[in-house]
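Now for the letters of each chain:
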Amino acid sequence: MVVPSLKLQDLIEEIRGARTQAQEREVIQKECAHIRASFRDGDPMLRHRQLTKLFYVHMLGYPAHFGQMECLKLIASSRFTDKRVGYLGAMLLLDERHEAHLLITNSIKNDLSQGIQPVQGLALCTLSTMGSAEMCRDLATEVEKLLLQPSPYVRKKVVPQLAQILRTLVTTGCSTEHSISGVSDPFLQVQILRLLRILGRNHEESSETMNDLLAQVATNTDTSRNAGNAVLFETVLTIMDIRSAAGLRVLAVNILGRFLHNSDRNIRYVALTSLLRLVQSDHSAVQRHRPTVVECLQETDASLSRRALELSLALVNGSNVRAMMQELQAFLESCPPDLRADCASGILLAAERFAPTKRWHIDTILHVLTTAGTHVRDDAVANLTQLIGGAQELHAYSVRRLYNALAEDISQQPLVQVAAWCIGEYGDLLLEGNFEEIEPLQVDEEEVLALLEKVLQSHMSLPATRGYALTALMKLSTRLRGDNNRIRQVVSIYGSCLDMELQQRAVEYDTLFRKYDHMRAAILEKMPLVEQGGPQVDEEAKESKEGAPAPTESQASQLLDLLDLLDGASGNAQHPPLLDRSPGGALVHLLDLPCAPPSPAPIPDLKVFEREGVQLNLSFIRPPENPALLLIIITATNSSESDVTHFICQAAVPKSLQLQLQAPSGNTVSARGGFPVTQLFRILNPNKAPLRLKLRLTYNHFGQSVQEIFEVNNLPVESWQ
């Protein structure tokens, strides 16, 4: 016996009345169980009712694959009510790659051959939505016969006739039986707008014909009900896709701005998503709605706040960076945990790109590390240390700010690492107390040492953090004027640490105290400024290398002795050949400090997609200074005779990896091998997990919309190991 289930209207009300996601999932799981039981044991005459509920569940993003075969059964039925629901389900739940496309092809062929126009319309709509090349080839004869018939229900129209029909609907309306909430036949208006969008894409003459009409629809449509909002949104999409006038595009952006004030969350989400698409092409128009977008950050709905965050970050530029960073930093303090990583990464990238001054840049990064240090990218520590090291006039300011932050909280590991590095480098400036721009605070040597020891002893400190603190103590041994016995005791204690890296470092430091104390000050000097790579830097490095004399044999022997601290070999011992002839290379190896590693072997490029002249290639770069980071350069080329427009490449990686998509160079891939489109992916893979990439391509080519989803599982091993 089948357990009674809810009606569609009751199901919608119960789902919308759920206060939490858990309640919503419980309602849907319970109803899906009823639907499965009805498919198995229920009345076949009521199968279409169960499928309509399943369609609603599918629209909410829940699994509905178990209804696919039921759709095929309804399509094969002789009842129009069954066919209508079956074809709708085929368009929603199936695609051209589904195994059942042969059965659907036979059903569509039979329905097109019948003389019932509504059934023929359903079959044609399904074919246009999910038809593969094979299906269209098999059904081309039936479609051609229908085009030759005089029936206007089945035949397609041209642009002026469509424009006249739409203008009539907007100005004079139609019969009341086709009117919904005061909007004349919104379903017909939406379908006409979608067809106009296809016909006007990349067609100047057709687009000019539509401009006045679209402006009329946009200004005369009633937006007090959802039917009017649906028509208005389709109008906006049409304006965005065709070659519309500049004023019309501004009107479309303003309509989306009004949608942001709508009480319906779905409409606000649609507006944010559409504005995000427009921000690259119509940046100034979208900027006018920046205050409203920032207000959407406070939405309680996670999908809305995430979309508002993405749009807010896209709106940051050099003129508004200070104001936008204040808003985004305030959001970072109160945002949900699942948004903190994206928000922190976005703030750091925007600050790096648009920072007005170095001090502002340092303050911004420090605020992010203090607020959400555990959620920042792995390269945040290296970037901040390089930024501080390059701002000599801010060394005293930075070390004081970091010391105060470390004294308040030692739980944020990236913050602790940067603070320990800065104290080790510029601890002498901290003790001088000459800070004109911040409140003076007297700090003595014992307080500084006690704070670093606290970091070493804290159970919250990672092994890497303890390494930073131990190195900082060692460097302070040359910067402090007091006795070094306390530092030597701490170093000797960690010579028996269970962590091998920390133990090795402590043993080397202890040996430096005991055997090479006369060289300790020179070895532990302040780190030189590390310049970012560029042509000028490369030239300077080349000249420096040519002008520097090679070390003598005695110098080389001394350096080898430093590298062989634990062996105690005699001077007559034979040493292996030098790998690095520069004194700095050996000292850097001793202290495990950053140095220029040998250039890694290049990673081969990979072709992952090719269709009708459109080709997608991947190039790989792994920066030697950050092996966990992989840069993938996506290059889309086009050797066909027609431009590829509205090109969008999206990607996903396993949860153990972090992916960041940079903005593409454009959205049009020129024909005949013209200008390509490039895009940068940044992937963090600290655990060196096997790399898999899922790509989604959407674009328009030869007047057709193309969407491809595929996985790339054959990435070079060098890209992740």
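One can find the structure itself at the top, above this paragraph.
Now for a look at the structure at hand. (Residues numbered from 1 in each chain as written. Predicted model: local features only at pLDDT ≥ 70, side-chain atom pairs only at ≥ 80, totals over all residues. Heavy atoms only, no water.)

### Overview of the overall build of the chain
The condition that has to hold: Numbering of helices and strands runs from the N terminus, with a helix taken as a DSSP run of H or I at least four residues long and a strand as a DSSP run of E at least two residues long. Type-normalised accessible area, obtained with a 1.4 Å probe on protein chains alone, sets the label of each residue: buried when under 20%, exposed when over 50%, and partly exposed for intermediate values. We call two residues contacting when some pair of their heavy atoms lies within 4.5 Å. The protein chains shown are the only cover counted for residues, whose accessible areas, like all others here, come from Shrake-Rupley with a 1.4 Å probe.
When you go through the chain residue by residue, the secondary structure sums to 31 helices and 10 strands. Across the 721 residues in the chain, those meeting the buried criterion constitute 46%. A fraction of 64% describes how many contacts in the chain between residues 6 or more apart in sequence connect residues 24 or more apart. As displayed, the chain offers around 38,200 Å² of accessible surface, 52% of which is attributable to carbon and sulfur atoms.

### Brief notes about the pairing of strand E4 (residues 614-621)
As a reminder, the rule being used: Any two strands are treated as partners once DSSP identifies two or more bridges connecting them.
Relative to E4, strand E3 (residues 606-611) runs antiparallel, the two being bridged by 5 bridges. Bridging across to E4, Arg 611 finds its partner in Val 614. Taken together, E3 and the strand that follows it, E4, pair antiparallel across an intervening segment of 2 residues, in which Glu 612 is found at a positive phi of about 50°. Where E4 lies against strand E5 (residues 629-638), 8 bridges are found, and the strand directions are antiparallel. What sits directly across from Gln 615, in E5, is Thr 637.

### Structural notes on the nonpolar core
The cut-off we apply is this: Working definition of a nonpolar core: buried Ala, Val, Leu, Ile, Met, Phe, Trp, Tyr and Cys residues. They are joined through side-chain atoms within 4.5 Å.
With 119 residues, the main nonpolar core has Leu 384 and Ile 388 as its most contacted residues. At 12 residues, the largest contribution of residues to this core is made by helix H23 (residues 413-432). Excluding residues that lie within four positions of it along the chain, Leu 384 makes contacts with Ile 362, Ile 365, Leu 366, Leu 369 and Val 418. Residues Leu 616, Leu 691, Val 712 and Trp 720 belong to the second largest nonpolar core, which totals 33 residues.

### Quick look at the sheet that holds strand E9 (residues 693-701)
So the rule is basically this: To get an axis, a line is fitted to the C-alpha atoms, and for a helix only the part in contact is used. The angle between two axes follows their N-to-C directions and goes from 0 to 180 degrees.
Here 3 strands make up an open sheet; going across it, the order is E6-E9-E10 and the pairing antiparallel. Taken across any chain shown, the strands that pair with only one partner, and hence form the sheet edges, are strand E6 (645-652) and strand E10 (704-712). In this sheet, neighbouring strand axes are inclined to one another by 10° on average, regardless of whether the strands run parallel or antiparallel.

### Description of the sheet that holds E5
Here 5 strands make up an open sheet; going across it, the order is E3-E4-E5-E8-E7 and the pairing antiparallel. Both edges of this open sheet fall to E3 and strand E7 (658-661), since each of them pairs with a single strand only. The mean inter-strand angle of the sheet, taken between neighbouring strand axes irrespective of direction, is 20°.

### Here we look at helix H27 (residues 500-515)
Test applied: The span you would expect from a helix comes to 1.5 Å times its residue count less one. Here a polar contact is recorded for every N or O atom pair within 3.5 Å, except that within protein the pair must consist of a potential hydrogen donor and a potential acceptor, and residues adjacent in sequence are included only if both atoms are side-chain atoms.
Counted at 1.5 Å a residue, the expected span for H27 with its 16 residues is 22 Å, and the 22 Å between its end C-alpha atoms agrees. For H27, every residue scored as buried is listed here: Leu 502, Arg 505, Ala 506, Glu 508, Tyr 509, Asp 510, Thr 511, Leu 512 and Phe 513. Taking the backbone nitrogen of Glu 501 as reference, a side-chain oxygen 3.3 Å away marks Asp 499 as the first, capping residue of H27.

### Some points on the pattern of salt bridges
Two side chains of opposite charge can pair, provided their charged atoms sit close to one another. The criterion, for reference: Any Lys or Arg side-chain nitrogen found within 4 Å of a carboxyl oxygen on Asp or Glu counts as a salt bridge.
With the rule as written, the count across this model stands at 27 salt bridges. Residues joined in a network through salt bridges with shared partners are Arg 194, Arg 197, Glu 234, Asp 241 and Arg 277.

### Observations concerning helix H6 (residues 101-113)
Along its 13 residues, H6 runs 18 Å from first to last C-alpha, staying within 8% of the 18 Å computed at 1.5 Å per residue. Turning to H6, its buried residues number three or more, namely Ile 104, Thr 105, Ser 107, Ile 108, Asp 111 and Leu 112.

### Re unusual backbone geometry
With a phi angle near 55°, Arg 672 is a residue other than glycine that sits in the positive phi range. Here Arg 672 lies in the loop between E7 and strand E8 (677-684). Note on Arg 672: relative accessible area 59%, which makes it exposed. You will see that Lys 688, though not glycine, has its phi angle at about 55°, which is positive. Mapping Lys 688 onto the fold places it in the loop between E8 and E9.

### Overview of the pairing of E8
In terms of residue burial, E8 counts as a mostly covered element, since 6 of its 8 residues are buried. Inspection of the sheet shows E5 paired to E8 by 8 bridges, in the antiparallel sense. Counterpart to Ile 633 in the pairing with E8 is Leu 680.

### With respect to the environment of Leu 606
Turning to its location among the elements, Leu 606 is positioned in strand E3. Among all residues touching Leu 606, those that are not within four sequence positions of it are Leu 616, Asn 617, Leu 618, Phe 620, Val 712, Asn 714, Leu 715 and Pro 716.

### Concerning the side chain of Thr 238
With respect to the secondary-structure elements, Thr 238 resides in helix H12 (residues 226-241). The exposure class assigned to Thr 238 is buried, which follows from its relative accessible area of 0%. Here Arg 197 takes part through its side chain, which lies 3.3 Å from a polar atom of the side chain of Thr 238. Excluding anything up to four places from it in sequence, Thr 238 contacts Leu 193, Leu 196, Arg 197 and Leu 214.

### A few points about the packing of aromatic side chains
Spelled out, the test is: Here a pair means two rings of Phe, Tyr or Trp (six-membered ring of Trp) with centres within 6.5 Å. Their orientation is stacked below 30 degrees between planes, edge-to-face above 60, and tilted elsewhere. In this scheme, the term charge over a ring applies when either NZ of a lysine or CZ of an arginine sits within 6 Å of the ring centre and within 35 degrees of the ring normal.
The full count for this structure, using the stated rule, is 4 aromatic pairs. Residues Phe 609 and Phe 710 carry aromatic rings whose centres are separated by 5.7 Å and whose planes lie at 10° to one another, so their mutual orientation is stacked. With Phe 609 in strand E3 and Phe 710 in strand E10, this pair connects stretches of sequence that are 101 residues apart. Lying across the ring of Phe 66, Arg 36 places its NZ or CZ 4.1 Å from the centre. The residue whose ring lies beneath Arg 359 is Tyr 397, and the NZ or CZ to ring-centre distance is 4.0 Å.

### With respect to the environment of Val 27
Its location among the elements puts Val 27 in helix H2 (residues 21-41). In this structure Val 27 comes out as buried when scored by relative accessible area, which is 14%. With 16 residues separating them along the chain, Val 27 and Leu 11 place their C-alpha atoms 8.3 Å apart. Those residues in contact with Val 27, other than ones at most four positions away along the chain, are Leu 11, Glu 14 and Ile 15.

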